[in-house]
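One-letter residues, chain by chain:
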Amino acid sequence: MGLQEKILVVDTDQGVFKYLSARLAKNGFLMQYASDSLEAIELVKPGSFDIAIVEVDMPEINGVTILKRFKEIDPYLQVLMMGNTGDARQAMGALKYKAADFLVKPFGDFGDIGAAIGRSLKEKRLHMENKALLKELEAANRELSEKVKEKTRELRDLNLLMLDYTEELATVIQGITYLQMSADSRQAVEKIVEGLEKNFRIDKACLLLCEQGNMPVVIGHSSSLGPGLMEFSSEKSMGPVMETVKTGRSLSWTEYAGDWPQGRKVFKEWAIFPMRARNEVLGVLIVNAPDREKLDALRIYINMFTLGLSNLLLFEEVQKNGKELAAKKDELEKANARLRELDALKTNFMNMVVHDIRTPLTSIKAYTDLIIMYKDKPEKTKEQFAQIIKSECGRLETLVNNFLNLEKIESGNVDFVFEPACAQDLLEHFVSVYKAVADARKIKIALDCEKDLPLVGIDKDGIGQVVSNLLSNAMKFTPENGDIRVGARLLDPFVEISVQDNGPGIPGNMLSAVFNKFTQAHRKKVKGGTGLGLAIAKNIIERHGGNIGVESEEGKGSRFYFTLKIHREAEPGTSLK
Ligand code: ADP
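Scope of this entry: the structure provided in the associated data block. Each chain carries its own residue numbering, running from 1 in the direction its sequence is written. This being a predicted model, a pLDDT of at least 70 is required before a residue's local features are given, and a value of 80 or more before pairs of side-chain atoms are given or counted; all residues contribute to the totals for chains, interfaces and linings. No hydrogens and no water enter the side-chain calculation; it runs on all heavy atoms of the structure.

Focus on the sheet that holds strand β8 (residues 251-252)
For two strands to be treated as a pair, DSSP must find at least two bridges joining them. Counting from the N terminus, the helices are the DSSP runs of H or I reaching at least four residues and the strands are the DSSP runs of E reaching at least two. The five strands lie next to each other as β7-β6-β10-β9-β8, forming an open sheet whose pairing is antiparallel. A single partner strand is all that each edge strand has here, and the edge strands are β7 (217-221) and β8. The pairing of strand β9 (residues 270-277) with strand β10 (residues 280-288) spans eight bridges and is classified as antiparallel. Bridged to Ala271 within β10 is Val287. Two residues form a contact once any of their heavy atoms are found within 4.5 Å. Whenever a helix is involved, its axis is fitted only over the stretch in contact; in every case the axis is a line through C-alpha atoms, and angles between N-to-C directions fall within 0 to 180 degrees. Of the strands in this sheet, β6 (205-209), β8, β9 and β10 touch helix α7 (residues 238-247), which is tilted by about 35 degrees from β9.

Here is the structure:
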């Protein structure tokens, strides 16, 4: 007890102070005395004393009032009242105002006083400890309530953020659903851009896709953009775009050091976002003035639709490849069918050639044997046999020549010598050649040429072969007493030559096929032939830059025609391979 605790004694009787000081000071208490009520009240400040011992019966201001005043100034001050036994009423009042104890005068055993002071000090310490605890508690409480406030604020912000993003998240979900359902990437891109305008309030956006290592190309943009697209048309404008593609990081106008093309007329506060999917940058999205508060939602949106879009693009590629494969398969099947057809035709041709060669060979052998066996036969008969042998040799020669001719023309190994020629002279010559055979079969063969036809630029041997082929076909197919008309007319810049007969004609479905190799329209009815004559003629005419064709009606006859270019003076006679 007595660790420099301060005790104030208030009593008009200084003897009381002395008495108490004599006993308490030696125990380490600091003692102070006030003989006057007002003086006492002035001395007491919060925390200035630990204990006050006050006489109940003070003049002017009585002890109980002093006690009240003290408690008002310092509620932790322990106040012990003292008085005579007759002051019991005041003592009661004092206890009511939280006096710590009542010491009865005259003091007898100091032990009682010491005990009372000890109790008061203990109580005071308890009070003080309580006070400290209370302070700590209050501080902890304050901290806690701050934390609660902070968390509440965060929650409120988060709530607001969620509310803010509701629209955007709905757009994301909508966009992804659309992408999943969509089968057309262009349409999907339109929807993406629409979503940006509607829910992110981005007025201008432009979507570019990289195509297999090439520069990104614009595949979608806001409808309002129009001429603004020019900003991405030059190579220079690709600077920031390429940087985004290369780094895979978003870039904005504040970070980019290089020049933006045309002084950023349309995209004033641009930002470029990479569209990443499967470890590669698929393309970029350029937007004008994105809302900074919504950047996170925008990034989620871009990531989600990039994923959807890349799936769609893959799907489209697979489909395209599938289609291409199907088309190639179709082409191959057609080519195969054509090859099989050609193979069949060739086999057919070989059979025919063998047959056609064997027939004259058989008769050549037979007639040669006859000449050898019957040496004594009349010369005339032997000569007849020799004539037959000669004519059969001629047939063989034609056959072989035809075949070799086509091979040569087709492989481009024939040298044509183009020179100006008169169509009429050429036709007159061939009509006269065939006249004798025609007469023998009572076939009328007429030549009808327009007057003053211009010269044509031709290889005479080649065109002679064409005319000869057409005439020999006409002779072959025209019945006795039939009619063959050979004609020439001007169809500027060509001269058209035609050979018309009134033979059996050609079925409609065979009209163009008769110009193919080994194709015969009347194999069953007409013996001989190889199906090569018209194919040779077509080759020769095409090498002349002309056209060959046939008009025919079954049962009425056929009209074969071909055109030859008019010879112009400026065109020198050339030798073409
Ligand atoms: P070939 O006469 O040796 O069979 P071509 O190539 O000259 O070969 O003729 C092909 C086919 O065209 C003939 O087999 C015949 O069916 C048809 N053809 C050609 N000319 C006539 C014609 N003047 N009248 C009717 N059919 C013809």
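Considerations on the site of the ligand
Neighbouring the ligand are 19 residues; Gln520, Ala521, His522, Thr530 and Leu534 lie closest to it. What qualifies as a polar contact is a pair of N or O atoms within 3.5 Å, subject to a donor-acceptor requirement within protein and to the restriction that residues adjacent in sequence count only when both atoms come from side chains. A distance of 2.7 Å separates an oxygen atom of the ligand from a polar backbone atom of Leu534. At 3.5 Å from a nitrogen atom of the ligand is found a side-chain nitrogen or oxygen belonging to Ser558. Burial of the ligand by the protein chains amounts to 96% of its free accessible area of 530 Å². For the shell around the ligand, the elements supplying multiple residues, two or more each, are α11 (460-477), α12 (533-543) and β18 (557-565). Residue proximity to a molecule or strand is established when one non-hydrogen atom of the residue lies within 4 Å of it. Note that accessible areas follow from Shrake-Rupley with a 1.4 Å probe, and for residues the cover is restricted to the protein chains shown.

As for the packing of aromatic side chains
How two aromatic rings sit relative to each other is set out by the distance from centre to centre and by the angle between their planes. Pairing of aromatic rings covers Phe, Tyr and the six-membered ring of Trp, with a centre-to-centre limit of 6.5 Å; geometry is then stacked below 30 degrees between planes, edge-to-face above 60, and tilted otherwise. A full pass over the atoms with the stated rule returns six aromatic pairs. Taking 5.5 Å as the distance between ring centres and 25 degrees as the angle between the ring planes, the aromatic pair formed by Tyr19 and Phe107 counts as stacked. Residue Tyr19 is found in helix α1 (residues 14-24), and its partner Phe107 is found in the loop between β5 (101-104) and α5 (110-181); the two are separated by 88 residues along the sequence. Burial here depends on accessible area, computed with a 1.4 Å probe over protein chains only, as a share of the maximum for the residue type. Under 20% is buried, over 50% is exposed, and the range in between is partly exposed. The class of Tyr19 is partly exposed, set by a relative accessible area of 21%. According to the relative accessible area criterion, Phe107 is buried, its value standing at 19%. One aromatic cluster is present, built from ring pairs that chain together Tyr19, Phe107 and Phe110.

Remarks on the nonpolar core
Throughout, nonpolar core names a set of buried Ala, Val, Leu, Ile, Met, Phe, Trp, Tyr and Cys residues whose side chains join them through atoms within 4.5 Å. Membership of the largest hydrophobic core comes to 52 residues, with the highest contact counts inside it found for Ile463, Val467, Leu471, Ile484, Phe562 and Leu564. Leaving out residues up to four positions away in the same chain, Phe562 has contacts with Ile463, Val466, Val467, Leu470, Val495, Glu496, Ile497, Ile541, Asn547 and Ile548.

Concerning the pairing of β18
Buried residues dominate β18, accounting for eight of its nine residues. One ladder, built from eight bridges, connects strand β16 (residues 494-501) with β18; its direction is antiparallel. The partner of Asp501 across the bridge, within β18, is Ser558. Where strand β17 (residues 548-553) and β18 come together, six bridges link them in antiparallel fashion. Note that in β18 the partner of Glu553 across the bridge is Gly557. Remark: three residues form the turn of the hairpin made by β17 and β18, two consecutive strands paired antiparallel; Gly555 in that turn has positive phi of roughly 85 degrees.

Some points on the packing of α11 against α12
Where α11 meets α12, the axes come as close as 9 Å, and the angle between the chain directions of the two elements is 145 degrees. Helix-helix and strand crossings are classified by hand; for α11 and α12 the assignment is left-handed. Within the contact between the two elements, α11 uses Gly462, Ile463, Gln465, Val466, Asn469, Leu470 and Asn473 and α12 uses Gly533, Leu534, Ile536, Ala537, Ile540 and Ile541. Grouping the amino acids of the contact of α11 with α12 by side-chain chemistry returns eight nonpolar, five polar and no charged. Each crossing is labelled by how the near helix is turned from the far one, with a counterclockwise turn of less than a right angle marking it left-handed and a clockwise turn marking it right-handed. Gly is placed with the polar residues, together with every amino acid not listed as nonpolar (Ala, Val, Leu, Ile, Met, Phe, Trp, Tyr, Cys and Pro) or charged (Asp, Glu, Lys and Arg).

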